[in-house]
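# Working through the structure, step by step
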Amino acid sequence: MCGIVGYVGNDKAINILLKGLSALEYRGYDSAGVSIKVNNGINTVKTKGRIMDLASLIIEEQIDLSGNIGIGHTRWATHGIPSTLNAHPHYTDSVSVVHNGIIENYRELEEFLKKKNIYKKTDTDTEIIALLIDMFLKKFKPKEAFEKAVAKLEGSFSIAAIFKETDTIMLAKKDSPLVIGIGRHATYTASDISALIDHTNKFIFLEDGDIAFIDKENIKILDHSRKSIKREIKTIDWSMESAKKGGYKHFMIKEIAEEAEAVRNTIQSRIDANGNIYLNDEINMDESFLKNIDGITIVACGTSYYAGFSAKTVLEKFTEVPVNVEIASEFRYSEPIFSKHNLFIVISQSGETADTKESLKFAKSKRIKTISIVNVKESAIARMADTCIYTLAGPEISVASTKAFVSQLSVLYMLAFYIGKLKGKKIDKELSMLLKLPGIMEKTFKMTNDRIKTVAEKYHPYKNFLYIGRGLMYPIALEGALKLKEISYIHAEGYPAGEMKHGPIALIDENTPSVIISPDKEPFYSKTLSNAEEIKARSGKIIMLSDKNSDMVDDFIELEEIEYDFSPFIYVIPLQLLAYYIALYLGYDIDQPRNLAKSVTVE
Ligand code: AGP
């Protein structure tokens, strides 16, 4: 989704903006632009395309961008097609604005401006903000004009604006992230700390309703009631190194290779081999409440949803209560019935997904106890829930989520064991298995990487795939199919294997390969082999992931034998690799697939 960077200091702003925007490329975008304050005004350069295109245009156009104050933006189109005209910043002679989010009342505001003979030129909702500020600037000083314009906006937004008349960058935040980075004689802003971690590790996370005025030495924040407020300065320990490719061709393959470490980091300080789970402080809920929960609701989107779905079986087994896993975009508009002592869990890598956030708000409004499982520190969802258990996967840059998934799964498993233990269940065996997992995952990556490359070479020309599994492997089939769709643009369906004969079997012929995911666990293995028979009888090709081979399959991917409950952690790895290598053979932009964004901050 869109990204914002801003800088005010003694250095040339353009270099800092371009570097920051490059760090935000992973979020997905279609156009980019910058505005820099110069002696006689504000100069803007923007273009459809990539940051590289913007950098070339800057050289070509030879516009003066030598100033020390500026804002930059990567746009992911919501209102209006991706084009140079619709790219941000949007500006007038006096002000230039970048914006993430959606101004929901932009049509009303457009009418309001028209009555004053002020017309917009682009298809965007953002231009309205620039025009409103400009209108108020005719009567008021910049700070007042900015406040008055922001007061008229409805919807979600993070905004950064620079002005001809002042050296202050003005910021506003509501339902879309915006941080301030604190440097030496310099102040930064961005929608995402990864744009700034090269410059500082000290950040202020603006709260909803905040307006902020930043210059190179000062930061002034007003809360929603426009009272001056001090927000805590947080030190974030993410290193730039961990957000770089480190010799890998793409972030996605680097992040798959890091999965074992991501799980290790997530569990190692929280459990030990003596059956102890140290989650009390993080969960921070009465033991009696947790012992007496009578239902768990998990809400998330995409891969995070599949993590919840994959953990459902183990959660139910150890907590002995029903677990409902819901898709956030549906849940937020449904009329859910919560059980009396419900525990509500949201899962989100980015911690900014709009649908998940709204679902969380809804649960909170019903006074349900909420836990978030989030990867990005201090993100909105992490801060909004009653309590947050962070996945310690490190920055996940590739749009296709991989290491976040297994880390989320490990938190959900720990939670299941934690509540199970409170209820008197023995969990020593499970904890020692969890501790062994990173080693098994490392081995799985090594065992399957080359084999999958060969299989991907053979299968990359196919246009349709069916992924099937039973029990714990059904959600993994869904996740495997999602990965393939996302980065290779191949149609892939995930299905419970037993459901095949109720419809999807109609798709099977020699041109539709099936990926069967089936550890040797009865009754699933033999039942899934019957599905394999049905596929073979219709000339379908079979790729099978299992710890037990069968002569019926065309391509067998061998996996370690593992305790069945823990199989999702390792069976997902070759599926992520399969998607990766197929997309590689097809020559696609793996880390930034078309139409997708890393954090989906709009509805
Ligand atoms: C995963 O590969 C996807 N890009 C997507 O489904 C993602 O998992 C979903 O948008 C949820 O994001 P979140 O975990 O940041 O909330």
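Residues numbered from 1 in each chain as written. Predicted model: local features only at pLDDT ≥ 70, side-chain atom pairs only at ≥ 80, totals over all residues. Heavy atoms only, no water.

According to the domain assignment, the protein contains domain 1 (3-238) and domain 2 (251-586). Inter-centroid distance (C-alpha atoms) of domain 1 to domain 2 is 37 Å. Taken together, the 11 residues of domain 1 in the interface contact 13 residues of domain 2. Counting across the domain 1 and domain 2 interface gives 3 salt bridges. For Asp-175, the salt bridge goes to Lys-361, with nearest N and O atoms at 3.3 Å. At the boundary of domain 1 with domain 2, the tally comes to 4 residue pairs in polar contact (both at pLDDT 80 or more). Along the lines of polarity and charge, the residues of the side of domain 1 that touches domain 2 split into 6 nonpolar, 1 polar and 4 charged. (Domains from an automatic or database assignment. Contact = heavy atoms within 4.5 Å. Salt bridge = Lys/Arg side-chain N within 4 Å of Asp/Glu carboxyl O. Polar contact = N/O pair within 3.5 Å; in protein donor to acceptor, adjacent residues only side chain to side chain. Nonpolar A, V, L, I, M, F, W, Y, C, P; charged D, E, K, R; others polar.)

The subject of this paragraph is the pairing of strand β24 (residues 542-546). Counting buried positions over the 5 residues of β24 gives 5, a clear majority of the element. Here β24 shows no split at all, with Ile-542, Met-544 and Ser-546 on one side and Ile-543 and Leu-545 on the other all buried. Tracing the backbone out of strand β23 (residues 514-517), into helix α17 (residues 524-537) and back to the parallel element β24 gives a crossover that is right-handed. The pairing of β24 with strand β25 (residues 555-558) spans 4 bridges and is classified as parallel. (Buried < 20%, exposed > 50% of the residue type's maximum accessible area, 1.4 Å probe, protein only. Helix = DSSP H or I, 4+ residues; strand = E, 2+ residues; numbered from the N terminus. Right-handed = clockwise from strand over helix to strand, strands pointing away. Pairing = 2+ DSSP bridges.)

Strands sit in the order β5-β6-β7-β8-β12-β13-β14 across an open sheet of 7 strands; the sheet is antiparallel. Across the chains shown, the open sheet's two edge strands, defined by having one partner strand only, are β5 (90-91) and β14 (228-229). Examined bridge by bridge, strand β12 (residues 211-214) and strand β13 (residues 219-222) share 4 bridges and lie antiparallel to one another. Bridging from a neighbouring strand, Ile-214 pairs with Ile-219 of β13.

The next subject is helix α3 (residues 106-114). Within α3, burial applies to Tyr-106, Leu-109, Glu-110 and Leu-113. Seen along its axis, α3 keeps its buried residues to an arc of 105°; they face one direction. Exposed and facing more than 90 degrees away from the buried side of α3 are Arg-107 and Glu-108. (Arc of directions from axis to C-beta.)

The next thing to look at is the pattern of salt bridges. Inspection of every chain in the model, using the stated rule, returns 30 salt bridges. Here Glu-207 ties to Arg-383 by a salt bridge, and the two come within 3.4 Å at their closest N and O atoms. Placement of Glu-207 in the loop between β11 (202-205) and β12 and of Arg-383 in helix α13 (residues 380-384) is noted, with a sequence separation of 176 residues between them. On the basis of relative accessibility, which here comes to 35%, the residue Glu-207 falls in the partly exposed class. Of the charged contacts, one joins Glu-282 and Arg-270 as a salt bridge, the two residues approaching to 2.5 Å between their closest N and O atoms.

Pairing between the strands of a sheet is mediated by backbone hydrogen bonds and can be parallel or antiparallel. Strands sit in the order β17-β16-β18-β19-β20 across an open sheet of 5 strands; the sheet is parallel. Looking at which strands have only one partner, the edges of the open sheet turn out to be β17 (323-327) and β20 (387-390). Across the sheet, the mean angle from the axis of one strand to that of its neighbour is 20°, orientation sign disregarded. In this sheet, β20 lies alongside strand β19 (residues 369-374) in parallel orientation, the contact comprising 4 bridges. Residue pairing in the sheet places Ser-372 in a bridge with Cys-388 of β20. The strands touched by helix α12 (residues 354-365) are β16 (295-300), β18 (342-348) and β19; relative to β18, the strand with the most contacts, the crossing angle is about 160°. (Axes fitted to C-alpha atoms, helices over the stretch in contact; angles between N-to-C directions.)

Its 20 residues place the ends of helix α18 (residues 567-586) 29 Å apart at the C-alpha level, agreeing with the 28 Å of an ideal helix rising 1.5 Å per residue. For α18, a buried count of 17 out of 20 residues is recorded, marking the element as mostly surrounded by other parts of the structure. (Expected span 1.5 Å × (residues − 1).)

Turning our eyes to something else, we now look at the site of the ligand. Of all residues adjacent to the ligand, which total 13 residues, the nearest are Ser-304, Ser-348, Ser-350, Thr-353 and Glu-486. Between the ligand and the protein, one listed contact pairs an oxygen atom with a side-chain N or O atom of Lys-483 at 3.0 Å. Protein burial of the ligand: of its 410 Å² of free accessible surface, 92% is covered by the chains. Among the elements that make up the shell around the ligand, the one with the highest residue count is helix α10 (residues 302-319) (3 residues). (Near = heavy atom within 4 Å. Areas by Shrake-Rupley, 256 points an atom, 1.4 Å probe, with all protein chains shown as cover.)

Under the counting rule described, the total for this entry stands at 23 aromatic pairs. Relative to Phe-569, the ring of Tyr-413 lies with its centre 5.1 Å away and its plane at 85°, an arrangement referred to as edge-to-face. Of this pair, Tyr-413 sits in helix α14 (residues 403-422) while Phe-569 is found in helix α18, placing the two residues 156 residues apart along the sequence. Among the residues examined, Phe-569 registers a relative accessible area of 0% and is labelled buried. Through a chain of ring-to-ring contacts, the aromatic side chains of Phe-318, Tyr-413, Phe-417, Phe-566 and Phe-569 assemble into a single cluster. The ring of Phe-213 is capped by Lys-143, whose NZ or CZ atom sits 5.0 Å from the centre of that ring. Over the face of the ring belonging to Phe-140 we find Lys-148, whose NZ or CZ atom lies 4.8 Å from the ring centre. (Phe/Tyr/Trp six-rings, centres within 6.5 Å; stacked < 30°, edge-to-face > 60°. Lys NZ or Arg CZ within 6 Å of the ring centre and 35° of its normal.)

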